[in-house]
Amino acid sequence: SQKIEQNSEALNIQEGKTATLTCNYTNYSPAYLQWYRQDPGRGPVFLLLIRENEKEKRKERLKVTFDTTLKQSLFHITASQPADSATYLCALDSSGGYNKLIFGAGTRLAVHP
Amino acid sequence: EAQVTQNPRYLITVTGKKLTVTCSQNMNHEYMSWYRQDPGLGLRQIYYSMNVEVTDKGDVPEGYKVSRKEKRNFPLILESPSPNQTSLYFCASSLSGGEGYQPQHFGDGTRLSIL
């Protein structure tokens, strides 16, 4: 069956370190993958999109990689801050580019001062 | 301010009493969709709409109805709610659905409790 997996356990790191979150998928060949941030009581907020022909994408302190052979995306936050504490969701295209996204359950990140 | 607005934010109701959750976006987006979010399951798509008068089922459409009479509005209707529809619901919109490389803009959610 088709599956998208994110680490269900919370990730706890010290301020200033790099946080790395993992998104693994099976039985998909997505044209792109997106990452969202969700704060308690709020809707997800779009962060980054990476396409199947891109290995890496950066935006300020954020970096996303996409390995279609491993069927995995890694999401990195460098120089993490307590304000980065949130749940991070990955979502991949399951429809050949027609915006039908499949979301992972998310990983909660806690950055401690 | 560009936004997706859902109402109500919270609702407690009883089994069988019809309810409507409204969703409105002010970004002139063509594509709109509804998701439900349950612990450990992630966001699951209920219905989506590629444009006015064009709607289609997502992954979990049973027990829900939608309509898209105007571009900005996409209400979610529960004709006869049941306890298994207790969940957190999100409306989302994006510029278009045909070119899929579009970020989704989400509302802040509606927490429904069906007793």
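What you are looking at is a predicted structure, and each value in this text was computed from that prediction instead of being measured.

### Re the packing of aromatic side chains
Then, in step 1: Per the stated rule, a full pass over the model turns up 12 aromatic pairs over all chains.
Then, in step 2: Residues B:Tyr31 and B:Tyr48 carry aromatic rings whose centres are separated by 5.9 Å and whose planes lie at 25 degrees to one another, so their mutual orientation is stacked. Here the residue B:Tyr31 occupies a position in strand 4 (residues 31-38), and B:Tyr48 occupies one in strand 5 (residues 42-51), the gap between them amounting to 17 residues.
Then, in step 3: Here a set of aromatic residues connected by ring pairs shows up, and it is made of A:Tyr36, A:Phe46, A:Phe103, B:Tyr35, B:Phe90 and B:Phe106.

### Quick look at the sheet that holds strand 6 (residues 56-59) of chain A
Residues and elements named next belong to chain A.
Then, in step 1: Taken in spatial order, the 5 strands of this open sheet run 1-3-8-7-6, and their pairing is antiparallel. Edge positions in the sheet fall to strand 1 (3-6) and strand 6, since each of these pairs with one other strand and no more. Neighbour-to-neighbour, the strand axes of the sheet open up by a mean angle of 15 degrees, direction not taken into account.
Then, in step 2: Where strand 6 meets strand 7 (residues 62-67), 4 bridges bridge the pair, whose relative direction is antiparallel.

### A word on a nonpolar patch on the surface
Then, in step 1: On the surface, B:Ile12, B:Val14 and B:Leu115 cluster together into a nonpolar patch covering about 330 Å² of accessible area.
Then, in step 2: Note that B:Leu115 resides in the segment after strand 11 (110-114).

### Quick look at the side chain of B:Arg36
All names here are of chain B.
Then, in step 1: Structurally, the position occupied by Arg36 is in strand 4.
Then, in step 2: A distance of 2.9 Å separates the side chain of Arg36 from the side chain of Asp38, its partner in a polar contact.
Then, in step 3: Here Arg36 is in contact with Gly42, Leu43, Arg44, Ile46, Val60, Tyr64, Asn84, Gln85, Thr86, Ser87, Leu88 and Tyr89, once residues within four sequence places are set aside.

### Focus: the interface of chain B and chain A
Then, in step 1: In this assembly, 26 residues from chain B lie in contact with 22 residues from chain A.
Then, in step 2: Seen at the junction of chain B and chain A, the total is 1 salt bridge.
Then, in step 3: Across the chain B-chain A interface, the total number found is 6 residue pairs in polar contact (both at pLDDT 80 or more).
Then, in step 4: Within the residue set of the side of chain B that touches chain A, elements represented by two or more residues are strand 4, strand 5 and strand 9 (87-94) of chain B.
Then, in step 5: Taken together, the residues of the side of chain B that touches chain A sort by class into 9 nonpolar, 13 polar and 4 charged.

Quick notes on the rules
- Residues numbered from 1 in each chain as written.
- Chains lettered and ligands numbered in written order.
- Predicted model: local features only at pLDDT ≥ 70, side-chain atom pairs only at ≥ 80, totals over all residues.
- Heavy atoms only, no water.
- Phe/Tyr/Trp six-rings, centres within 6.5 Å; stacked < 30°, edge-to-face > 60°.
- Helix = DSSP H or I, 4+ residues; strand = E, 2+ residues; numbered from the N terminus.
- Pairing = 2+ DSSP bridges.
- Axes fitted to C-alpha atoms, helices over the stretch in contact; angles between N-to-C directions.
- Patch = residues over 30% accessible without salt bridge, like charges linked within 9 Å, V, L, I, M, F, W, Y side chains within 5 Å.
- Areas by Shrake-Rupley, 256 points an atom, 1.4 Å probe, with all protein chains shown as cover.
- Salt bridge = Lys/Arg side-chain N within 4 Å of Asp/Glu carboxyl O.
- Polar contact = N/O pair within 3.5 Å; in protein donor to acceptor, adjacent residues only side chain to side chain.
- Contact = heavy atoms within 4.5 Å.
- Nonpolar A, V, L, I, M, F, W, Y, C, P; charged D, E, K, R; others polar.

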